[in-house]
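# Structural overview
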Amino acid sequence: MKGERAGRVAALAALACLIGGSAAAGQTAAQPPPIPGAGFSPGWAASGPPRAFTGQDLFNQIDGGAELFLEFGFVRLRLQAYAKGRAELTINAYEMESAAAALGVYLMKMGRETPFPEIAARNSSEEVQATVLKGRYFVQVDNLGQAPASKDELAALANAFLAGVADEPAPSPLDLLPAAGRVGGSERLIRGPYGLQPYITLGEGDILSLGGRVFGALAPYRLPGGETFTRLIVPYPDPEAAAAAFAYLRTHLDPYLKITAERPEAFDFVDFQARKGSVVRSGSILDILFNVTD
Amino acid sequence: MKRQPYRSMPPDNAVGRRDFLKAGGAIGAGLVLTGRSLLAAQQTQDQQPPAKPAGPPPRPKTNIEDALKVPKTKWSLPGPFPGRVVEVHDPAAMPEGKVDAAVVKAMFEKGIRALTGQSLKKSFGLFFTKSDVVGLKVNPVGPGLISTRLELVDAVVDWLTSCGLPRRNVIIWDRFDYMLKDAGFTPERYPGLGIEGLQTMDEAAAIAASEGKAADNGKWLAADGTHVSAPNFDREVFYWADVEGPKDLPYLNQHVFNGKFSYFGKLLTKKLTKIVNLPVFKNTGNAISMATKNIGYGAVCNTNRLHQPLFLDVCVEVPAFWPVRDKMVLNVTDGLRSQYDGGPDKNAKFAYIDNRLYFASDPFALDMVCHTGIVAKRKEMGVAVNENPRFTNYLRYAETLGLGVADPAKITHLKV
């Protein structure tokens, strides 16, 4: 056990070096990648002033949509519109705290992932909007002018910005989700109640004691026998933190969930629609099943 | 009247031992993890354990009692048609993603007639007089994709002016002036109409602040330390909640005030005599951002502080105050292009052409119908949806305050 913990600390140190080295190679917090000038494609010119929003001010730009970004760890949003005749492109560059935070937002926003190969990073794009992930940046390029810009022009703007963005590893607990039966493309990261909201309400506020620091991983499953369920796995820093999170969840469980069986470090429940679920703590992990159907 | 949050008893179902073992089997399989995966996951976690929450936060107190003390008028919510919602669908409204203005105008007129059972002229008389000053509350978030369609606004303006309301008595409004412009609500597009944002924001100062640079606050910060838009808000009419807004200058730049008061715009308290609410059919997380949110978060300043602790309750309590309750006579939800996920900001992956308009004098019945509609759409599209009743509790809360109808059994949903 002692050796295992020591190994974990060493691995964390190595990871920190890796991330630090990557950041040094690219942009730093003080020098964010530049918003492209008009030269990203012939004939385009900046339209209107640049805009920027930090912290809670994001609510002003995207209203309640800010909740998700803030929960995952939002630093700032920078926007710039460009025009060419009746066509207009707008870049929305969201800087997040880490690459994992950007990945968390991207997974929530990508829908069915439909990449444009012209864009030099992971993306899920439509003619009217490209949604892009690179490093700690989540980027959307809007193509919503009175006349559409071409796909090449949209990609050129995205790529002009991405050229200044450093690649970073995005370590996350997604690997913890078993592959068998997992619905492809449905994996999500969870860092707080807002991301969990469409799936289940386990209780008020930070019911999983994520504290704005711990990431969980979630995915729906469909097994060959027809059973379906959604699985959420949360790895805490140590067994003590997981035990405390389990105890808090058990004590403050949503009143619409009814506990039907209890064992040490585990309980079963049914929700208001009579769907079954369970919570099990094993070491430093909370493993939660819900929406279980036969 | 005390706030009585809706609670229903969970069903008395039980999971048997066999069922548990079945579920446990899946859990057990998942915990047989490779050392590499487990280590990779642990590496992502902060070395400091997360802070333990002290318990669910209590609901902040508000001044809703003040709103309820003001006697209602003949114009008060839920208006002349409580619980009545009309849905108009015409597949020809947006051919190839472009609005057919003539079709939208016909849809609008059909919807008004179906809502009131009267002609357009007589319908006008149910909601307005020719001396009214009518504010059209649009939703400019997500311009070009899911903001209120200009052609819908055209149809409303045509109806009002054809019934004798002077053009100068129509004002298109929202909280932020720059958002109106972004969404196409400009004097050039709407000559003769008023276009007013309740407030401005100095974007250059906001950018400087975001980049940690010294900001020139001279354009928005008056010599007395107040925001230049502060006079646009009525210090006598406010929504108070026991939640402090941040005290920093960037927040003040964007919110005009930063204490525990959210003042109503003077546009609503002094100038407008009626309001037509023109929200868009879209989600906010697992909830909806439609009629009651468009006005609840649009009529007052200093709202960021309210999102987390009160969120949907604001969509009830702000409209409970007389500047909205006694003036907002009509709601038309723009579902020409709708969005079932990724909202309330625009997200093309989840936006779809739906060719629908929804009409009601009762915004709470309207939102209940649209909430049901978005749940169905999310299921159809395979998007996760949480049907926990807490996401519509605010609508039932409005019903307890006498502002509208939320019980589906009492709602008449007419499709034409």
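Basis of the calculations
- All chains use their own residue numbering, which begins from 1 and follows the written sequence.
- The order in which chains are written sets their letters, starting at A; the order in which ligands are written sets their numbers, starting at 1.
- Local features in a predicted model are, by the rule used here, given only for residues with pLDDT of at least 70; side-chain atom pairs are given and counted only at 80 or more, and totals for whole chains, interfaces and linings are based on all residues.
- Excluded from the side-chain calculations are hydrogens and water; all other atoms, namely the structure's heavy atoms, are used.
- Numbering goes from the N terminus for both helices and strands, where a helix is a DSSP run of H or I of at least four residues and a strand is a run of E of at least two.
- Burial here depends on accessible area, computed with a 1.4 Å probe over protein chains only, as a share of the maximum for the residue type. Under 20% is buried, over 50% is exposed, and the range in between is partly exposed.
- By definition in these notes, contact holds between two residues if any of their heavy atoms fall within 4.5 Å.
- Computed with a 1.4 Å probe, the accessible areas rest on the Shrake-Rupley method; for each residue, only the protein chains presented here act as cover.
- Values of pLDDT, the confidence the predictor places in each residue, fall between 0 and 100.
- Two strands qualify as a pair provided that DSSP identifies no fewer than 2 bridges between them.
- Under this scheme, a helix contributes an axis fitted over its contacting stretch, all axes are lines through C-alpha atoms, and angles between N-to-C directions fall in the 0 to 180 degree range.
- As used here, the term nonpolar core means buried Ala, Val, Leu, Ile, Met, Phe, Trp, Tyr and Cys residues forming a set that is joined through side-chain atoms within 4.5 Å.
- Expected span of a helix, by definition, is 1.5 Å for each gap between consecutive residues, and there is one gap fewer than residues.
- Think of the arc as the fan of directions from the helix axis to the C-beta atoms.
- Cavities and pockets are defined on a 1 Å grid built over the protein atoms alone: a cavity is a set of grid points where a 1.4 Å probe fits but cannot escape, while a pocket is an open set with protein on both sides within 12 Å along at least five of seven lines, and lining residues are those with an atom within 4 Å of any such point.
- Grid points are joined across faces, edges and corners, and a volume is the space filled by probe spheres set on the points.
- Classification used: nonpolar for Ala, Val, Leu, Ile, Met, Phe, Trp, Tyr, Cys and Pro, charged for Asp, Glu, Lys and Arg, polar for all others including Gly.
- Salt bridges are defined by distance alone: a side-chain nitrogen of Lys or Arg within 4 Å of a carboxyl oxygen of Asp or Glu.
- Angles below 35 degrees are treated as roughly parallel, those above 145 as roughly antiparallel, those between 65 and 115 as roughly perpendicular, and all remaining angles as oblique.
- Should the near helix be turned counterclockwise from the far one by less than a right angle, the crossing is left-handed, whereas a clockwise turn marks it as right-handed.

We now examine the overall build of chain A. Helix and strand content of chain A: 7 helices and 13 strands. Expressed as a percentage of its 294 residues, the buried residues of chain A come to 57%. Considering only intrachain contacts with a sequence separation of at least 6, the fraction spanning at least 24 residues in chain A is 61%. Summed over its atoms, the accessible surface of chain A is roughly 10,500 Å², and 56% of this surface lies on carbon and sulfur atoms.

A few words now on the overall build of chain B. The helix and strand inventory of chain B stands at 16 helices and 12 strands. Looking at chain B residue by residue over its 416 residues, the buried ones come to 60%. Long-range pairs, those at least 24 residues apart, make up 75% of the contacts in chain B between residues at least 6 apart in sequence.

Another aspect to go through is the confidence of the model for chain A. Regions with low pLDDT carry predicted coordinates that are not meant to be interpreted in detail. The predicted model of chain A averages 89 in pLDDT, with 90% of residues at 70 or higher. Considering only residues more than four positions removed or in separate chains, one finds that residues 1-29 of chain A, a stretch of pLDDT under 50, has 30 contacts.

Think of a sheet as strands paired side by side through backbone hydrogen bonds, with each pair either parallel or antiparallel. All names here are of chain A. Strands sit in the order β1-β2-β3-β6-β5-β4 across an open sheet of 6 strands; the sheet is antiparallel. Of all strands in the sheet, those bounded by a partner on one side alone are β1 (45-54) and β4 (122-126). For this sheet the average axis-to-axis angle between neighbouring strands, irrespective of direction, equals 10°. Note that strand β5 (residues 129-134) and strand β6 (residues 137-142) share 6 bridges and pair antiparallel. Opposite Leu 133, over in β6, you have Phe 138 as the bridge partner.

Right, let's talk about the nonpolar core for a bit. If you look at the biggest cluster of nonpolar residues, it comprises 67 residues, and the most contacted ones within it are Trp 173, Tyr 239, Phe 264 and Val 316 of chain B. By residue number, the principal contributor to this core is helix α15 (residues 363-380) of chain B, which donates 7 residues. Residues in contact with Val 316 of chain B, not counting those within four places in the same chain, are Phe 364, Tyr 394, Tyr 397, Ala 398, Leu 401 and Leu 403 of chain B. Formed by 59 residues, the second largest nonpolar core is a distinct cluster that contains Phe 53, Met 108 and Tyr 199 of chain A together with Met 179 of chain B.

What follows is about helix α7 (residues 239-251) of chain A. Residues and elements named next belong to chain A. Under the 1.5 Å per step criterion, the end-to-end length of α7 is 18 Å for 13 residues, consistent within 8% with the ideal 18 Å. Buried residues of α7: Ala 241, Ala 242, Ala 245, Phe 246, Tyr 248 and Leu 249, and no others. Looking straight down α7, one finds its buried side chains confined to an arc of 165°; they lie on one side. In α7, those exposed residues whose orientation departs by more than 90 degrees from the buried face are Glu 240 and Thr 251.

Once that is clear, we can look at the environment of Asp 202 of chain B. Residue and element names in this part refer to chain B. Within the secondary structure, Asp 202 is located in the loop between β4 (194-199) and α8 (203-210). Expressed as a C-alpha distance, the spacing of Asp 202 and Gly 218, which sit 16 residues apart in the sequence, is 9.2 Å. With near-sequence residues (within four places) excluded, Asp 202 lies in contact with Asp 216, Lys 219, Trp 220 and Asn 253.

The next thing to look at is the sheet that holds strand β10 (residues 258-263) of chain A. Residue and element names in this part refer to chain A. In space, the 7 strands of this open sheet follow the order β7-β8-β9-β13-β12-β11-β10, with antiparallel pairing throughout. A strand with exactly one partner marks an edge of an open sheet, and here the two such strands are β7 (188-190) and β10. The sheet shows a mean angle of 20° between the axes of neighbouring strands, direction not considered. Both β7 and strand β8 (residues 216-222) contribute to a ladder of 3 bridges, which runs antiparallel.

Right, let's talk about empty space enclosed by the protein for a bit. The final tally for this structure, using the stated rule, is 3 cavities of 30 Å³ or more. The computed volume of the largest cavity comes to approximately 220 Å³. Considering the residues around the largest cavity, the lining is formed by 18 residues, among which Asp 63 of chain A together with Val 141, Asp 174, Arg 175 and Tyr 297 of chain B are closest to the centre. Those elements that place two or more of their residues in the lining of the largest cavity are α2 (58-62) of chain A together with β3 (170-176), α11 (291-296) and α12 (304-310) of chain B. Top contributing element to the lining of the largest cavity by residue count: β3 of chain B, with 3 residues. When its residues are assigned to classes, the lining of the largest cavity shows 6 nonpolar, 7 polar and 5 charged. Roughly 60 Å³ of volume is contained in the second largest cavity.

Let's shift gears to the pattern of salt bridges. All names here are of chain B. Tallied over the entire structure, the rule returns 35 salt bridges over all chains. Measuring nitrogen to oxygen at the nearest pair gives 2.8 Å for the salt bridge that ties Glu 87 to Arg 356. Taken together, the residues span a long stretch of sequence, with Glu 87 in strand β1 (residues 84-89) and Arg 356 in strand β11 (residues 351-360) at a distance of 269 residues. Relative accessible area serves as the criterion here: at 7%, Glu 87 is assigned to the buried category. Two residues, Arg 189 and Asp 154, come together in a salt bridge whose shortest N-O distance is 2.7 Å. Taken together, the residues span a long stretch of sequence, with Arg 189 in the loop between α7 (177-182) and β4 and Asp 154 in helix α6 (residues 150-162) at a distance of 35 residues.

Right, let's get into the packing of α15 of chain B against helix α16 (residues 393-400) of chain B. All names here are of chain B. Their axes nearest at 10 Å, the elements α15 and α16 cross at an angle of 155°. Compared by their axis directions, α15 and α16 come out roughly antiparallel. Handedness of the α15/α16 crossing: left-handed. Listed contacts from α16 to Phe 364, Asp 367 and Met 368 of α15 are Tyr 394, Leu 395, Arg 396 and Ala 398. Here the residues of the contact of α15 with α16 are counted per class, giving 5 nonpolar, no polar and 2 charged.

It is worth spelling out the pairing of β11 of chain B at this point. Residue and element names in this part refer to chain B. Taking burial as the measure, the 10 residues of β11 include 8 buried ones, the bulk of the element. In this structure, β1 lies alongside β11, joined through 4 bridges in antiparallel fashion. Residue pairing for β11: Val 86 is matched across the bridge by Phe 359.

Attention now moves to helix α4 (residues 99-109) of chain A. Most of α4 of chain A is tucked away, with 11 of its 11 residues classed as buried. Gly 111 of chain A sits one or two positions beyond α4 of chain A and adopts a positive phi of about 60°.

Two faces belong to every sheet, and in a regular strand the side chains alternate between them. All names here are of chain B. For strand β8 (residues 280-284), the tally of buried residues reaches 5 of 5 residues, placing the bulk of the element in the interior. With burial as the criterion, each face of β8 is covered, one bearing Val 280, Lys 282 and Thr 284 and the other bearing Phe 281 and Asn 283. Pairing geometry for β8 and strand β10 (residues 328-339), over 2 bridges, is parallel. Directly across from Val 280, in β10, lies its bridge partner Asp 334. Sheet topology note: the β8/strand β9 (residues 287-288) ladder contains 2 bridges and is antiparallel. Bridging from a neighbouring strand, Asn 283 pairs with Ile 288 of β9. The loop that links β8 with its antiparallel partner β9 comprises 2 residues; one of these, Gly 285, has a positive phi angle of about 60°.

All names here are of chain B. The interhelical angle for the contact between helix α5 (residues 120-127) and α6, taken along N-to-C directions, is 90°, at an axis separation of 9 Å. The angle between the axes of α5 and α6 places the two elements in the roughly perpendicular class. Where α5 abuts α6, its residues Leu 120, Lys 121, Ser 123, Phe 124 and Phe 127 lie against Trp 159, Leu 160 and Ser 162. Of the residues contributing to the contact of α5 with α6, the split by class is 5 nonpolar, 2 polar and 1 charged.

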